[in-house]
Amino acid sequence: MTSNNGKLPIHKHIPHASRIVYGGMHLGGGWNKNPISKDDEIQAQDLLETALANGINTLDLADIYTFGKAEEVIGRVFKKAPHLIDKLIIQSKLGIKLTHDAKVKQYDLSASWAEKGLDAILKRLRIEKLDVLFLHRPDPLMEIESLATTLNKNYEHDKFEYLALSNMHAGQMAYIQSNVSMPVIANQLEMSLLASDFVEDAITVNMDINSQVGFPRGTIEYCLPQGIQLQAWASLAQGIFDPNHTNTEVTREIIDTRLLVGELAENYNTSPSAIVLAWLMRHPAMIQPVIGTTTPKRLVEAAEAGKILLSRDDWYHLLETRRGREVP
Ligand SMILES: NC(=O)c1ccc[n+]([C@@H]2O[C@H](COP(=O)([O-])OP(=O)(O)OC[C@H]3O[C@@H](n4cnc5c(N)ncnc54)[C@H](OP(=O)(O)O)[C@@H]3O)[C@@H](O)[C@H]2O)c1
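Residues numbered from 1 in each chain as written. Predicted model: local features only at pLDDT ≥ 70, side-chain atom pairs only at ≥ 80, totals over all residues. Heavy atoms only, no water.

The name given to the protein chain in an unreviewed UniProt entry is Aldo/keto reductase family oxidoreductase, with Agaribacter flavus as the source organism.

Quick one: what's the story with the sheet that holds strand β3 (residues 89-94), residue by residue and with numbers?
Around the barrel, eight strands lie side by side as β1-β2-β3-β6-β7-β8-β9-β10; this closed barrel has parallel pairing. Within the sheet, the average angular offset between the axes of one strand and its neighbour, ignoring direction, is 30°. Both strand β9 (residues 229-233) and strand β10 (residues 288-291) contribute to a ladder of two bridges, which runs parallel. The partner of Gln231 across the bridge, within β10, is Gln288. (Pairing = 2+ DSSP bridges. Helix = DSSP H or I, 4+ residues; strand = E, 2+ residues; numbered from the N terminus. Axes fitted to C-alpha atoms, helices over the stretch in contact; angles between N-to-C directions.)

Give me the confidence of the model for the protein chain: which residues, what numbers.
Mean pLDDT over the protein chain: 95, with 97% of residues reaching 70 or higher. In this model residues 1-8 is a low-confidence stretch, pLDDT under 50, and it forms 26 contacts with partners more than four residues away in sequence or in other chains. (pLDDT = per-residue confidence, 0-100. Contact = heavy atoms within 4.5 Å.)

Let's hear about the packing of helix α9 (residues 252-267) against helix α12 (residues 312-323): which residues, and what values?
With their axes 7 Å apart at the nearest point, α9 and α12 run at an angle of 160° to one another. In terms of axis orientation, α9 runs roughly antiparallel to α12. For the pair α9 and α12, the contacting residues are Glu253, Asp256, Thr257, Leu260, Val261 and Leu264 in the first and Asp314, His317, Leu318, Thr321, Arg322 and Arg323 in the second. Of the residues belonging to the contact of α9 with α12, the class tally is four nonpolar, three polar and five charged. (Parallel < 35°, antiparallel > 145°, perpendicular 65-115°, else oblique. Nonpolar A, V, L, I, M, F, W, Y, C, P; charged D, E, K, R; others polar.)

Mind laying out the pattern of salt bridges, listing which residues take part and the relevant values?
Side-chain pairs of opposite charge can arise where the charged atoms are in close proximity. Taken as a whole, this structure holds 15 salt bridges when the rule is applied. Residues Arg124 and Glu71 are paired through a salt bridge, measuring 2.8 Å at the closest nitrogen-oxygen approach. Here Glu71 lies in helix α2 (residues 69-80) and Arg124 lies in helix α4 (residues 111-125), a separation of 53 residues in the sequence. Looking at Glu71, the relative accessible area reads 0%, which means it is buried. Connected via shared salt-bridge partners are Lys38, Glu41, Glu72, Arg76 and Arg126. (Salt bridge = Lys/Arg side-chain N within 4 Å of Asp/Glu carboxyl O. Buried < 20%, exposed > 50% of the residue type's maximum accessible area, 1.4 Å probe, protein only.)

Below, the structure written as structure tokens:
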């Protein structure tokens, strides 16, 4: 499963990358101070093996996930099952400092934090080299020359294969790209049927409501011609569109969209998760959804999205139901 519409490969720089990315943000026992348990290790290995068995070979992490435990638990799995390392494209991120590392939460793309952060990622994961190093968020205090020197040095020392960015607009991407020696290969942003501003940006040009759009204007059009891969975080929208979701305190539009997602899941003979992802994947930018489920069954269901091509009518029907009104 690499594509939903026959255009191969999806990723210019990593042609064998899967269409869907598995996100490990909740692994390692959750966002608490509890130590990693044996069960957490078993869960992480199970999820990695389920992902691989379902054609998902890209793993997304960050140094902060579950306060470092997500990377640590994966590192323990790699120690036990080293054959998994070469089967996976491993990406991780640095650049956010939580309050256990600093007085207040902050972003840190200083050279020293990047240097230390990358070494810590490699140590937790028990690997020599990271496939893709992401800069997690823009740091307004970033000093590009020293950061670029550090990135270039670590790249030359073979500590990472590719550089990527997250939550950045085209100008920020261009600025970083013009200072580093290696190509920037991806940008990871929030995009989903819920976080659908990437579509609103396109369809409300020249309208007042466009000023409310949160998605950085022109990012997709900047990335595509350069072969910069778009990845979508929170692509399942935390399951909010699943007709069986237990949260009932939601807006009319969400309830209507749930009903439609359920209907389409039946029509396409698939799961609600697959429909939610198929909506994102129908976009010609060949966006890679990053999914963060810890439920193997949901992972298998979500992976079905790669086999589904939503009709143009169904795609717009979902968009308009989600918006609560027709397109302008
Ligand atoms: N670059 C960034 O700034 C950034 C930010 C956030 C996330 N990320 C990446 O994106 C990945 C995905 O993000 P995410 O985990 O926030 O979002 P997600 O994939 O949209 O949702 C996963 C979460 O929603 C729950 N969920 C999914 N489907 C469900 C359903 N049908 N019913 C009930 N619950 C459901 C999952 O619970 P279960 O575990 O029970 O299935 C899990 O807690 C992360 O793992 C991380 O790798 C990146």
